[in-house]
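Each chain, written out:
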Amino acid sequence: MPTVLTDVFRGHPIHLPHTHQPDFTSLSELPDSYTWTSKDDPLFTAPPSPPGAGESIPLIDLNHPDAANQIGRACRTWGAFQIANHGVPLELLQDIEFLTGSLFQLPVQRKLKAARSDAGFSGYGVARISSFFNKKMWSEGFTITGSPLNDFRKLWPQLHLNYCDIVEQYEEQMQKLASKLMWLSLNSLGVSEEDIKWARVSSDLNWAQSALQLNHYPVCPEPDRTMGLAPHTDSTLLTILYQNNTAGLQVFRDDLGWVTVPPVPGSLVVNVGDLFHILSNGLFKSVIHRARVNQTRSRLSVAFLWGPRSDTKISPVRKLVSPDESPLYRSVTWAEYLRTKATHFNKALSMIRNHREK
Ligand SMILES: C=C1C[C@]23C[C@H]1CC[C@H]2[C@@]12CCC[C@@](C)(C(=O)O1)[C@H]2[C@@H]3C(=O)O
Ligand SMILES: O=C(O)CCC(=O)C(=O)O
Ligand SMILES: [Fe+2]
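Parameters at a glance
Residues numbered from 1 in each chain as written. Chains lettered and ligands numbered in written order. Predicted model: local features only at pLDDT ≥ 70, side-chain atom pairs only at ≥ 80, totals over all residues. Heavy atoms only, no water. Helix = DSSP H or I, 4+ residues; strand = E, 2+ residues; numbered from the N terminus. Buried < 20%, exposed > 50% of the residue type's maximum accessible area, 1.4 Å probe, protein only. Contact = heavy atoms within 4.5 Å. Salt bridge = Lys/Arg side-chain N within 4 Å of Asp/Glu carboxyl O. Donors = N, O, S within 2.8 Å, 3.2 Å for Na, K, Ca; no water. Axes fitted to C-alpha atoms, helices over the stretch in contact; angles between N-to-C directions. Parallel < 35°, antiparallel > 145°, perpendicular 65-115°, else oblique. Nonpolar A, V, L, I, M, F, W, Y, C, P; charged D, E, K, R; others polar.

*Asks:* Quick question: what am I supposed to make of the environment of Asn245 here?
*Replies:* With respect to the helices and strands, the residue Asn245 is situated in the loop between β7 (238-243) and β8 (249-253). Accessibility expressed as a relative area gives 58% for Asn245, which makes it exposed. Once the C-alpha coordinates of Asn245 and Leu300 are considered, the two residues, 55 residues apart in sequence, prove to be 8.5 Å apart. With residues near it in sequence (within four places) discarded, Asn245 still touches Pro263 and Arg297.

Following this line, the structure appears as structure tokens:
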């Protein structure tokens, strides 16, 4: 059984056609293979949030004395929020944006030197969920887990060490922030470190692991007819997303439809992932989100995908399950869940749901 993320997809190869990526910049018309309709994705034409509704996910000031409750509320109603005053240096956000921009600007032959293999985890390619859709997505991505040294050396024979250093610093900051956010939201439910022993702050963060997903959405001649990244939930506990100043991220709410998450300079977007939904016995929503593209500006985003060690069993916190009911989900490790997701995509959650008797 794999204990690091690198091994998770080894027995679950997915054929991902990286090498058929077009040179996005040379296309003046959208090819049919990139043209999406509601047949390709039932939510494609779901209404955008009504104009003037003025509602999007909350922007929460982490220094606010009531931040924990605000975060808890956002996790229950939206499954997403933005944070200001998160303590991550602005310069580091600029560095990771610069790194991401430089990576995707490399010639495609260079990027393909670090292509992700079908059974691999790290490297350059299309989104892993691509295999579940008939149409292609107008984006390219780069996944990092563990040290990026080998891949970065292929991309930047000279500068790779500087870029590795940025990734390392960024991951360190994100780890601290993610654990803080998890505990703030759990505290708002009355759950404390006594209730989830594997995730104690004092256990020096060795209980967690992560991946970084860099995304690039090139300028597109017909943005309304294509998709940057198809709707999905993240398989994480929490995801912390940095987006550049081009809008594109949307979250889905049953009552509102697609709601745009406007870029707020210096702030970060946080998503509840499927594992946090499980841990909270369904109280926190793992939010369906997608990325649209833009006709005049390219868009970059950096997702920090955060979860427990691969061998930790995640199950609903006992305290959140009422005594006369069984937990909503059976226990699952992150490795098992990622593999279930890799084969069953958006059915994964329902596959580990306990069916209540009576
Ligand atoms: C740790 C993770 C989480 C992964 C798989 C693996 C590495 C890359 C992540 C993403 C990033 C892009 C969306 C997503 C849906 C995808 O296709 O690749 C994510 C997926 C998940 O959250 O399920
Ligand atoms: O680019 C975005 O805004 C969304 C990216 C995302 O959802 C992901 O990488 O999981
Ligand atoms: Fe995502």
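*Asks:* Sorry, what's going on with the pattern of salt bridges here?
*Replies:* If charged atoms from side chains of opposite charge come close, those side chains can pair. The full count for this structure, using the stated rule, is 11 salt bridges. As a salt-bridge pair, Asp195 and Lys319 come within 3.0 Å of each other at their nearest N and O atoms. In this pair, Asp195 is assigned in the loop between α5 (160-187) and β5 (208-217) and Lys319 in the loop between β12 (299-308) and α7 (334-344), connecting sequence segments 124 residues apart. In this structure, Arg225 and Glu222 form a salt bridge, with 2.7 Å as the shortest nitrogen-oxygen distance.

*Asks:* Can you walk me through the coordination of the iron ion (ligand 3) in this structure?
*Replies:* Around a metal, the ideal angle is 109.5 degrees if four donors adopt a tetrahedral arrangement and 90 or 180 degrees if six donors adopt an octahedral arrangement. All of the protein donors around the iron ion (ligand 3) are His232 (NE2), Asp234 (OD) and His289 (NE2); their distances to the metal are 2.1 to 2.2 Å. Mapping the donors of the iron ion (ligand 3) onto the primary sequence gives the spacing H-x1-D-x54-H. Of the two residues, His232 sits in strand β6 (residues 229-232) while His289 sits in strand β11 (residues 289-291), which places them 57 residues apart along the sequence. Considered together, His232 and His289 belong to a single accessibility category, that of buried residues.

*Asks:* Any chance you could explain the packing of helix α1 (residues 67-77) against α5 here in plain terms?
*Replies:* The geometry of a pair of packed helices is captured by two quantities: the angle between their axes and the separation between those axes. It is the contact of α1 with α5, at a shortest axis distance of 8 Å, that shows an interaxial angle of 85°. Here α5 runs roughly perpendicular to α1, going by the angle between their axes. From α1, Ala68, Ile71 and Cys75 reach across to α5, where they touch Leu181, Leu184 and Ser185. Residue composition of the contact of α1 with α5, grouped by class: 5 nonpolar, 1 polar and no charged.

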